[in-house]
Amino acid sequence: GAVVSQHPSRVICKSGTSVKIECRSLDFQATTMFWYRQFPKQSLMLMATSNEGSKATYEQGVEKDKFLINHASLTLSTLTVTSAHPEDSSFYICSASLYNEQFFGPGTRLTVL
Amino acid sequence: LAKTTQPISMDSYEGQEVNITCSHNNIATNDYITWYQQFPSQGPRFIIQGYKTKVTNEVASLFIPADRKSSTLSLPRVSLSDTAVYYCLVGLRNAMNTGFQKLVFGTGTRLLVSP
């Protein structure tokens, strides 16, 4: 089956720094990828849709200047959390579509101190 | 996007059949129904997908009535390792049928399987 990877799996950073999370489709090309955020004991919340070669589409309430998304190639999308604060600590998950399935990455645990 | 409603939690014992029902009253004609499983600190994993009637694979069955306003995920003979959160989603395939337009997750059902 199709595989989506994320890097890093865990990251701890100081408040005010920026963190980049990579999402890769390992064995298929994905023109569209999605970024989700999940707080403990809660469901996944869609943050944005990442489109290769164009600007991302953000969901209502998600700050585009804080969560920068770049989809420079058909196999890579990046999410940069800028000037991270403790409230940004969460589990970030990406996904990519192939045929009639949506494949999810393993997630990235971000902890902001 | 169609909103889904599921029970918040369910309990079961090893070896039992578990049926989780999802309501999606506003499902659109072109929406498909997909179920995912998620373990703690992992990304969701695809279980099964269907459009109408019944779909079965090696891990589950999906029952969809004619009006498609609900669906039931059936897990035969659950084991302890089936303890997870199960999400029901409805989504519209994109125009080229190469994937889905954005998927919106509901609350999910937390299944606890006990010995």
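Up top you'll find the structure we're talking about.
Residues numbered from 1 in each chain as written. Chains lettered and ligands numbered in written order. Predicted model: local features only at pLDDT ≥ 70, side-chain atom pairs only at ≥ 80, totals over all residues. Heavy atoms only, no water.

Caption draft 1: Fine view of the overall build of chain B. A count of helices and strands for chain B gives 0 helices and 9 strands. When the 115 residues of chain B are sorted by exposure, 44% land in the buried category. Restricting the contact set of chain B to residue pairs at least 6 apart, pairs at least 24 apart contribute 57%. (Helix = DSSP H or I, 4+ residues; strand = E, 2+ residues; numbered from the N terminus. Buried < 20%, exposed > 50% of the residue type's maximum accessible area, 1.4 Å probe, protein only. Contact = heavy atoms within 4.5 Å.)

Caption draft 2: Quick peek at the side chain of glutamine 37 of chain B. All names here are of chain B. Tracing the chain through its elements places glutamine 37 in strand β3 (residues 31–38). A relative accessible area of 4% places glutamine 37 in the buried class. A polar contact of 3.0 Å, which involves the side chain of glutamine 37, links it to the side chain of tyrosine 86. Each residue touching glutamine 37, except ones within four places of it in the same chain, is listed here: Gly43, Pro44, Arg45, Ile47, Asp82, Ala84, Val85 and Tyr86. (Polar contact = N/O pair within 3.5 Å; in protein donor to acceptor, adjacent residues only side chain to side chain.)

Caption draft 3: Structural view of the sheet that holds strand β2 (residues 18–23) of chain B. Residues and elements named next belong to chain B. The 4 strands are arranged β2-β7-β6-β5 in an open sheet whose pairing can be described as antiparallel. In this open sheet, the two edge strands, each paired with only one partner strand, are β2 and β5 (53–56). Strand-to-strand, the axes of this sheet are offset by a mean angle of 15°, without reference to chain direction. Two strands pair when backbone bridges link them, and strand β6 (residues 61–64) and strand β7 (residues 70–75) are joined in this way by 3 bridges, in the antiparallel orientation. Bridge pairing in β7 places phenylalanine 63 opposite threonine 72. (Pairing = 2+ DSSP bridges. Axes fitted to C-alpha atoms, helices over the stretch in contact; angles between N-to-C directions.)

Caption draft 4: Highlighting the pattern of salt bridges. Residues and elements named next belong to chain A. One pass over the full model with this rule turns up 2 salt bridges over all chains. The partner of arginine 24 in a salt bridge is glutamate 22, with the nearest N and O atoms 3.4 Å apart. Taking the shortest distance from any N to any O, the salt bridge between lysine 66 and aspartate 88 comes out at 2.9 Å. On the criterion of sequence distance, the pair formed by lysine 66 in the loop between β6 (57–58) and β7 (67–73) and aspartate 88 in the loop between β8 (76–81) and β9 (90–98) is long-range, its members being 22 residues apart. A relative accessible area of 13% means that lysine 66 is categorised as buried. (Salt bridge = Lys/Arg side-chain N within 4 Å of Asp/Glu carboxyl O.)

Caption draft 5: Focus on the layout of surface pockets. Residues and elements named next belong to chain B. Within this model, the largest pocket holds a volume of roughly 460 Å³. In terms of residue count, the dominant contributor to the lining of the largest pocket is strand β9 (residues 109–114) (4 residues). Among the residues making up the lining of the largest pocket, the classes are represented as 11 nonpolar, 9 polar and 3 charged. (1 Å grid on protein atoms, 1.4 Å probe; cavity = no way out; pocket = protein on both sides within 12 Å on 5 of 7 lines; lining within 4 Å. Points joined across faces, edges and corners; volume = space filled by probe spheres on them. Nonpolar A, V, L, I, M, F, W, Y, C, P; charged D, E, K, R; others polar.)

Caption draft 6: Highlighting the state of the cysteines. As enumerated under the stated definition, the model contains 2 disulfides over all chains in all. One disulfide bridge connects cysteine 23 of chain A with cysteine 94 of chain A, the sulfur atoms lying 2.0 Å from each other. The S-S bond linking cysteine 23 of chain A to cysteine 94 of chain A shows a torsion near 80°; that makes this disulfide right-handed. Of this pair, cysteine 23 of chain A sits in strand β3 (residues 19–25) while cysteine 94 of chain A sits in strand β9, and the two are 71 residues apart along the sequence. Of the residues examined, cysteine 23 of chain A reaches a relative accessible area of 0% and is grouped as buried. Using a relative accessible area of 0% as the deciding quantity, one classes cysteine 94 of chain A as buried. Each sulfur in the disulfide pair cysteine 22 of chain B and cysteine 88 of chain B lies 2.2 Å from the other. Handedness of the cysteine 22 of chain B-cysteine 88 of chain B disulfide follows from its S-S torsion of about -75°: it is left-handed. Residue cysteine 22 of chain B is located in strand β2, and its partner cysteine 88 of chain B is located in strand β8 (residues 84–92); the two are separated by 66 residues in the primary sequence. Accessibility expressed as a relative area gives 0% for cysteine 22 of chain B, which makes it buried. (Disulfide = S-S within 2.5 Å.)

In short, geometric facts, not functional conclusions.
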